[in-house]
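The primary structure of each chain is shown beneath.
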Amino acid sequence: LEEQLGGKRGIRNLRIGTFHSICHSLLKEAGEEFTLADEDTVLEIVRECGEELGIKEKPGKLRQAISLWKTREAGDREALKTDMDFPVDQLVRIYEARLSSLSALDFDDLLLKALEKAEEGGKPFPYILVDEFQDISPLQYELIRAWHRGGREIFIIGDPDQAIYGFRGAAAGSFDRFCQEEETEIIRLRKNYRS
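Residues numbered from 1 in each chain as written. Predicted model: local features only at pLDDT ≥ 70, side-chain atom pairs only at ≥ 80, totals over all residues. Heavy atoms only, no water.

Novice: Account for the environment of Asp85, naming residues and giving values.
Specialist: With respect to the helices and strands, Asp85 occurs in the loop between α5 (74-83) and α6 (88-101). Asp85 gets classed as exposed once you look at its relative accessible area, which sits at 71%. (Helix = DSSP H or I, 4+ residues; strand = E, 2+ residues; numbered from the N terminus. Buried < 20%, exposed > 50% of the residue type's maximum accessible area, 1.4 Å probe, protein only.)

Novice: I'd like to hear about the packing of helix α8 (residues 138-148) against helix α9 (residues 174-181), residue by residue, with values.
Specialist: It is at 11 Å that the axes of α8 and α9 come closest, and there the two elements cross at 25°. Viewed along their axes, α8 and α9 adopt a mutual orientation that is roughly parallel. α9 is crossed by α8, and the crossing has right-handed handedness. Between α8 and α9, the contacting residues are Tyr141, Glu142 and Arg145 on the first element and Ser174, Arg177, Phe178 and Glu181 on the second. (Axes fitted to C-alpha atoms, helices over the stretch in contact; angles between N-to-C directions. Parallel < 35°, antiparallel > 145°, perpendicular 65-115°, else oblique. Left-handed = near helix turned anticlockwise from the far one by under 90°. Contact = heavy atoms within 4.5 Å.)

Novice: For α9, give the residues involved together with the corresponding values.
Specialist: For α9, the full list of buried residues reads Ser174, Phe175 and Phe178. What you see down the axis of α9 is that its buried residues fit within an arc of 100°, all on one side. Those residues of α9 that are exposed and aimed more than 90 degrees away from the buried face are Asp176 and Gln180. (Arc of directions from axis to C-beta.)

Novice: Account for the pairing of strand β4 (residues 153-156), naming residues and giving values.
Specialist: Examined bridge by bridge, strand β3 (residues 127-130) and β4 share 4 bridges and lie parallel to one another. In the strand pairing of β4, Ile128 is matched with Ile154. For the crossover that starts at β3, traverses α8 and ends in the parallel β4, the hand is right-handed. (Pairing = 2+ DSSP bridges. Right-handed = clockwise from strand over helix to strand, strands pointing away.)

Novice: An account of the pattern of salt bridges is needed here, citing residue identities and associated values.
Specialist: Under the defined criterion, the tally for this structure stands at 17 salt bridges. The salt bridge partner of Glu29 is Arg15, with a shortest N-O separation of 2.9 Å. With a gap of 14 residues between them, Glu29 in helix α2 (residues 19-29) and Arg15 in the loop between α1 (7-12) and α2 connect regions that are remote in the sequence. Owing to a relative accessible area of 55%, Glu29 belongs among the exposed residues under this scheme. Given the relative accessible area of 33%, Arg15 is considered partly exposed. Each of Glu39, Arg63, Lys70, Glu96, Asp106, Asp108 and Asp109 takes part in a single network of salt bridges with overlapping partners. (Salt bridge = Lys/Arg side-chain N within 4 Å of Asp/Glu carboxyl O.)

Novice: So what's going on with unusual backbone geometry? Which residues, and what values?
Specialist: For Ser103, which is not a glycine, the phi torsion comes out positive at approximately 50°. Summarising the element assignment, Ser103 is placed in the loop between α6 and β2 (104-105). Given the relative accessible area of 47%, Ser103 is considered partly exposed. One non-glycine residue, Glu132, adopts positive backbone phi at about 55°. Inspection of the secondary structure assignment puts Glu132 in the loop between β3 and α8. With a relative accessible area of 35%, Glu132 lands in the partly exposed category.

Take a look at the structure:
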């Protein structure tokens, strides 16, 4: 396998990881200076922002609303504004200002910042493989598209019927969107290979 991948050098050139770990390393390699805010810090900032706006919701719910806001497309953000009992757009604005004052990013910001870099002309990945494609958010979809622009091959794996993370912003419709935007060959596994 090592020879097929181009020897040790070829293996070193592989970039394997989660969206967040890959984005973190790409940003650090690009010389970005930031601290990654841990979940306790994020929840404390969210709590303070909620208090400032007089919002009575628990920090966990506010944190989820902020994450959905950041990972959705603009049209879906408008719908989110009407779905919430509090001004989520104002909450996001104050929250982002607090993070910025600490030179910190949260996990969603890692993806947003990496997308900015990719759209500014970052080097594409020649080959991309994405597993569990049904669980990606619209933001992750845009990252994949930006990383692939100018690349050679992209291979996605997943099962639209297994999409269970809509509450976290996953968009199972990504399969249909991908097939409309890319020339695709679909391979369906009709047997259960796990058992």
